[in-house]
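# A closer look at the structure
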Amino acid sequence: MSLRLRAILGQVIAVAFALALGSIVILLIDESPIRVFTTLLRGAFGDPGKVAGTLLQSTPILISGVAACIALRGGMFNVGVEGQLFLGGFAAAVVGFGLDLPTGLHMLVGLAAAILAGAVWVAIPAYFRVRFNTNEVVSTILSNYVAILLTSYFTIFLFKRPGGWSETPPILTSAHLPELFDFSRLNWGLVIGLVLALLTAWYFRNTPGGYSVSMTGSAPRFAEYGGVDIKKRGFWVLIASGAVGGLAGGVETLGVHHRFMEGFAPGFGFDGLIAALLANGSPIGTILTALFFGALRSGSLLLETDTAASREIITVIQALIILSVSAQVLLRRRGDAQGGERRWKF
Amino acid sequence: MEVLTSLFNVALLVAMLRTTAPILLVAMGGSFTTKAGIFNIGLEGQMLVGAFFAVLGSIWTGSAWGGVLCGVAAALVFALIFALLVVTFRANEVVVGLALNILAGGMTISLMKAVFGTRGSIVGQGIVGLPKVQIPFAREMLGSWAPLISGYTPLVYVAFLAVPLLVLFYRRTRLGLHIRVVGEKPEAAEALGISITRIRYTSSLLCGLLAGLAGAHLSLGYITMFTENMSSGRGFMAVAILIFSNGDPLRVLAGCLLFGFADAFSLRLQTFGYPSYLILAVPYLVALAALFALSYRARPKLIRETAETMRRFLSAEPDKPSNPRPQ
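Conventions and cut-offs
- Residues numbered from 1 in each chain as written.
- Chains lettered and ligands numbered in written order.
- Predicted model: local features only at pLDDT ≥ 70, side-chain atom pairs only at ≥ 80, totals over all residues.
- UniProt positions renumbered as here; feature names shortened; annotations may be inferred.
- Helix = DSSP H or I, 4+ residues; strand = E, 2+ residues; numbered from the N terminus.
- Buried ≥ 20, exposed ≤ 12 C-beta atoms within 10 Å, placed from the backbone.
- Contact = placed C-beta atoms within 7 Å.
- pLDDT = per-residue confidence, 0-100.
- Nonpolar A, V, L, I, M, F, W, Y, C, P; charged D, E, K, R; others polar.

The name given to chain B in an unreviewed UniProt entry is ABC transporter permease, with Pseudaminobacter soli as the source organism. The UniProt entry for chain B carries the following text under Subcellular location (unreviewed entry): "Cell membrane".

In the annotation of an unreviewed UniProt entry, the entry for chain A reads ABC transporter permease, and the organism field reads Pseudaminobacter soli. In the Subcellular location (unreviewed entry) part of its UniProt record, chain A is described as follows: "Cell membrane".

Printed below as a string of structure tokens:
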């Protein structure tokens, strides 16, 4: 327990260090850090509506974060969550306005379509990763660009809504994810995300399958010696990760926008990856870090109007956090890394 | 037939060489880190800050070359941070590279708003673009083919000249050889007394230098403007090329020409009225297809070849002890 406490303390110190660096950046662009941070807090937690807004922003980050966690545990980077999210969102929208099913079932079919789309989209990079050892970081990043352009194309040319909007027709109300409160668009997506994170954590902690995934990631030779087919396992880990990434998009479509549009969820996939990295691949930790990043995102909406800083300053802060975390994790374990063997080579 | 001639002509080749240049520059930079055994996914970010600061420097100094200098300096700072975290702190290359890319994206947009008060793009404002180089007598020698070799901005020539220079660098120079040894057999390098740290820092900085030039070419070359995320994945495509070429300059060139062609060709197709969203995806699809198609071949190990060169190299320099002195 004390080891875990020390690990958490290390992350907190790294975050504080990054915030200090971020303050310097804010000073450089002629704005007061205190003003920026209080504006962020006000924007994130100012009133119940804003708190709900924060939770709403956290939802896709949380689900994408769980997706990234699954891959990280299996020793891989799924940088393609962004693309899976777009395809999942699009697939859910198509089911949402294209089919006519009873309430409830319609929603489930929509989510299933999103999951399927995400899984299918990651299948090719996953296959080449385990079969030919093709670097999955690059293949998933490149497939993001294709996914985003492809969904934009479908939206604008195939399912164009009359009136010049670059969005699909709205989905039927039978496919909506029910909302939790009447004053916000916050919906059951948050619950789905939380349950998913807890389930994933339980899976990794308590099941042989989860253990074999963790071992495939951290000690592949040991896993192989213990009888795990690491190629097969690795393939299904990436597929699961992609499926959850697709689910993130489906939840966003069915719960928030109720349609698919161009640029409907910018950067959520990347935020999820960052949240998972900050949580060190722990799904429970990702709940906290996703809330943190959701708060930053929702707070940043006020930045544009109330300060001279642009809302992308939070991207800078997030990047600084990850940089200082990556440095401190290895400061602590520098002895371990002396062999100099890094697994992330192609 | 008419369609074909309007698709394939000198102008297409010229456009291809032009679009190849930035990706070739950044891939040549990445060749240093690849050869030194570092997986550098941060090329994208280095290129982006290079492009932004090139524009900024060009406005401040009123000269294109001042801009190029600023762009290179910014990319070098990013390369230095990358090396510090990856080499000294032994942080994960992918994490650091991705974080630096995200940092570059956020920082350029924030700075754009702070300095120019705009979102989206910087146009005009006194940006000075790079001049075009006219090769003397090109027209006399080649006639209508002259645009193939003349009239590009200087960094295009730098990009293509870098290829033979890098070939020579890896084959003939001490530093080039050291970089290869460090990348292929770090233990051997250590045993020979080569400082892995120093070599990796050096190659990372060399990489930053070329990535900065690539960025400057993007924003000061044929279009003199900066837009949000204007590197648009070229850095990632360069990494894809580096993976299947293993960082060998000639094969990198071949890969980059393929992308230059895909880029130029798809721009050409756009004028024929194909939907632009699909056309824009072509370069990424080509990158993915090439990555997948070429990765089924096992990466050729060059260790034996390097050992051979190393032996020749060492025997040529007897002042360097090749084995520890007996007590």
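### A closer look at the overall build of chain A
A count of helices and strands for chain A gives 13 helices and zero strands. Along the three orthogonal principal directions, the C-alpha set of chain A runs to about 60 × 55 × 35 Å. In chain A, which comprises 346 residues, the share counted as buried stands at 56%. Pairs at least 24 residues apart make up 77% of the contacts formed inside chain A by residues separated by at least 6 positions.

### Some points on the environment of A:Ala119
Residues and elements named next belong to chain A. With respect to the helices and strands, Ala119 occurs in helix α5 (residues 105-132). With 24 C-beta atoms counted inside 10 Å, the residue Ala119 sits in the buried group. When sequence neighbours within four positions are dropped, the list of residues in contact with Ala119 reads Ile239, Gly242, Ala243 and Gly246.

### Looking at the UniProt feature "transmembrane region" (unreviewed entry) in chain B
Look at the UniProt record and you will see "transmembrane region" (unreviewed entry) annotated at residues 6-26, 38-60, 66-87, 94-116, 149-170, 205-225 and 274-294 of chain B. Taken end to end, residues 274-294 of chain B has its terminal C-alpha atoms 29 Å apart, with 90% of it in helix and 0% in strand.

### Focus: the environment of A:Gly210
All names here are of chain A. Relative to the assigned elements, Gly210 resides in helix α8 (residues 208-218). Residue classification places Gly210 among the partly exposed positions, given that 17 C-beta atoms sit within 10 Å. A C-alpha to C-alpha distance of 9.7 Å links Gly210 and Ile70, two positions 140 residues apart in sequence. Those residues in contact with Gly210, other than ones at most four positions away along the chain, are Tyr203, Phe204 and Arg205.

### Some remarks on the confidence of the model for chain B
All names here are of chain B. For chain B, per-residue confidence averages 84 on the pLDDT scale, and 86% of positions sit at 70 or higher. Ignoring residues within four places in sequence, the model shows residues 298-304, a span with pLDDT below 50, making four contacts including any to other chains. Per-residue pLDDT stays below 50 along residues 317-327; that stretch engages in two contacts with residues further than four places along the chain or on separate chains.

### Observations regarding the interface of chain A and chain B
At the junction of the two partners, chain A supplies 46 residues and chain B supplies 43 residues. When residues of the side of chain A that touches chain B are traced back to their parent elements, those giving at least two are α5, α6 (136-158), α11 (268-278) and α13 (313-332) of chain A. Among the elements that take part in the side of chain A that touches chain B, α6(A) stands out by supplying 14 residues, more than any other. For the side of chain A that touches chain B, the per-class residue count stands at 31 nonpolar, ten polar and five charged.

### With respect to the UniProt feature "transmembrane region" (unreviewed entry) in chain A
Residue and element names in this part refer to chain A. The positions UniProt marks with the feature "transmembrane region" (unreviewed entry) are residues 7-29, 49-72, 79-99, 105-128, 140-159, 186-204 and 268-293. The distance separating the terminal C-alpha atoms of residues 105-128 is 35 Å; by composition the span is 100% helix and 0% strand. With 84% helix and 0% strand, the stretch residues 186-204 has end C-alpha atoms that lie 29 Å from each other.

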